[in-house]
Amino acid sequence: MRLKQKTLCILLLVFTAHVSIAQVIGPVNEKETDTTQKLYYIVKGDTIPREFINLDEVVLLNKLKFNSKKDRRRYLILRRKTRKVYPFAKLAAERLTTMSERLSEFPEKRQRRTYTKRVQKYIEEEFSEKLKKLTHTEGQILVKLIHRQTGHTAFELVKELRTGWRAFWYNTTASLFEISLKEEYQPFSKKEDYIIEDVLERSFQSNILERQAPAFKIDYLDLTEHWNNNTVEN
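Note that the structure is predicted; figures quoted are calculated from it, not measured.

Caption draft 1: Representation of the packing of helix H2 (residues 69-103) against helix H7 (residues 191-205). Packing of H2 against H7 brings their axes to within 9 Å, and their N-to-C directions diverge by 65°. Seen along the crossing, H2 lies across H7 with a hand that is right-handed. The segment H2 lies against H7, with Arg74, Tyr75, Leu78, Arg79, Thr82, Arg83 and Tyr86 engaging Lys191, Glu192, Ile195, Ile196, Asp198, Val199, Leu200, Arg202, Ser203 and Phe204. Counted by class, the contact of H2 with H7 contains 8 nonpolar, 2 polar and 7 charged residues.

Caption draft 2: Inspection of unusual backbone geometry at higher detail. Of note in this structure, Asn207 is not a glycine but carries a positive phi near 60°. Tracing the sequence through the fold places Asn207 in the loop between H7 and helix H8 (220-228). Judged by relative accessible area, Asn207 falls into the exposed class, the value being 69%.

Caption draft 3: Looking closely at the pattern of salt bridges. Inspection of the entire model under this criterion finds 12 salt bridges. In this structure, Glu138 and Lys84 form a salt bridge, with 3.3 Å as the shortest nitrogen-oxygen distance. In this pair, Glu138 is assigned in helix H4 (residues 136-150) and Lys84 in helix H2, connecting sequence segments 54 residues apart. Judged by its relative accessible area of 3%, Glu138 falls in the buried class. For Lys84, a relative accessible area of 39% corresponds to the partly exposed category. Each of Lys81, Lys84 and Glu138 takes part in a single network of salt bridges with overlapping partners.

Caption draft 4: Representation of H7. Over its 15 residues, H7 extends 21 Å from the first C-alpha to the last, a length consistent with the 21 Å expected when each residue adds 1.5 Å. Backbone geometry just after H7 places Asn207 at a positive phi near 60°.

Caption draft 5: Structural detail: the nonpolar core. If you look at the biggest cluster of nonpolar residues, it comprises 25 residues, and the most contacted ones within it are Leu142, Leu145, Ile196 and Leu200. Counting residues per element, the ones that place at least two in this core are H2, H4, H7 and H8. A per-element tally of this core places H2 first, with 7 residues.

Caption draft 6: Region of the structure containing the packing of aromatic side chains. Evaluation of the coordinates by the stated rule reveals 4 aromatic pairs. Note on Phe106 and Tyr115: the rings are 5.5 Å apart at their centroids and 45° apart in plane angle, and the pair reads as tilted. Residue Tyr115 is classed as buried on the basis of its relative accessible area, which comes to 8%.

What counts, and where the lines are drawn
Residues numbered from 1 in each chain as written. Predicted model: local features only at pLDDT ≥ 70, side-chain atom pairs only at ≥ 80, totals over all residues. Heavy atoms only, no water. Axes fitted to C-alpha atoms, helices over the stretch in contact; angles between N-to-C directions. Helix = DSSP H or I, 4+ residues; strand = E, 2+ residues; numbered from the N terminus. Left-handed = near helix turned anticlockwise from the far one by under 90°. Contact = heavy atoms within 4.5 Å. Nonpolar A, V, L, I, M, F, W, Y, C, P; charged D, E, K, R; others polar. Buried < 20%, exposed > 50% of the residue type's maximum accessible area, 1.4 Å probe, protein only. Salt bridge = Lys/Arg side-chain N within 4 Å of Asp/Glu carboxyl O. Expected span 1.5 Å × (residues − 1). Core = buried A, V, L, I, M, F, W, Y, C linked by side-chain atoms within 4.5 Å. Phe/Tyr/Trp six-rings, centres within 6.5 Å; stacked < 30°, edge-to-face > 60°.

What follows is the structure, encoded as structure tokens:
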């Protein structure tokens, strides 16, 4: 139990308007007397200046279909666990950005070290009990999502914040519970990661989770097409 709690606690170290338009034809150009050009949308016979319409990209999601009860159960389990740990990964990205910006303000190494320890202590006090309650599967998903949101593996973050030896030791300890801090998020090559991405996109659109852009580009439509054309289960 102590090893499991230690493994999950190390994850603390890394936390340092829609407008629907029907029957749109356009946009069209219209020259005014001052020779400037304006773009208009024609909506049901009315012309509306483009600058009055703020269009966000909307991804149309297919209805979920499962080949078996086992696949459905697998998806629902991943959905529950992903929704549970995503806020921690989002927080990790926010804390990392804030800490990086603040560290650049300190010219001396001693000042940067003091600030880093202060941030770590604050996060440990706020989230340690919650992270201790994660299962090893939830820990695995969290490590992947940390990579999705920060662009760095948990191992790299620990190594940067602590030392290479500690990062190696933490990773060895975590491996006892089938958690690798070096795990990367690879939705194009790993089926489970694709399912996690699907869960995230649906949760974002349902306002169940707050969207935060990933550290690297993930095109959900390309990803879905890739797996629809891929008959090999990973």
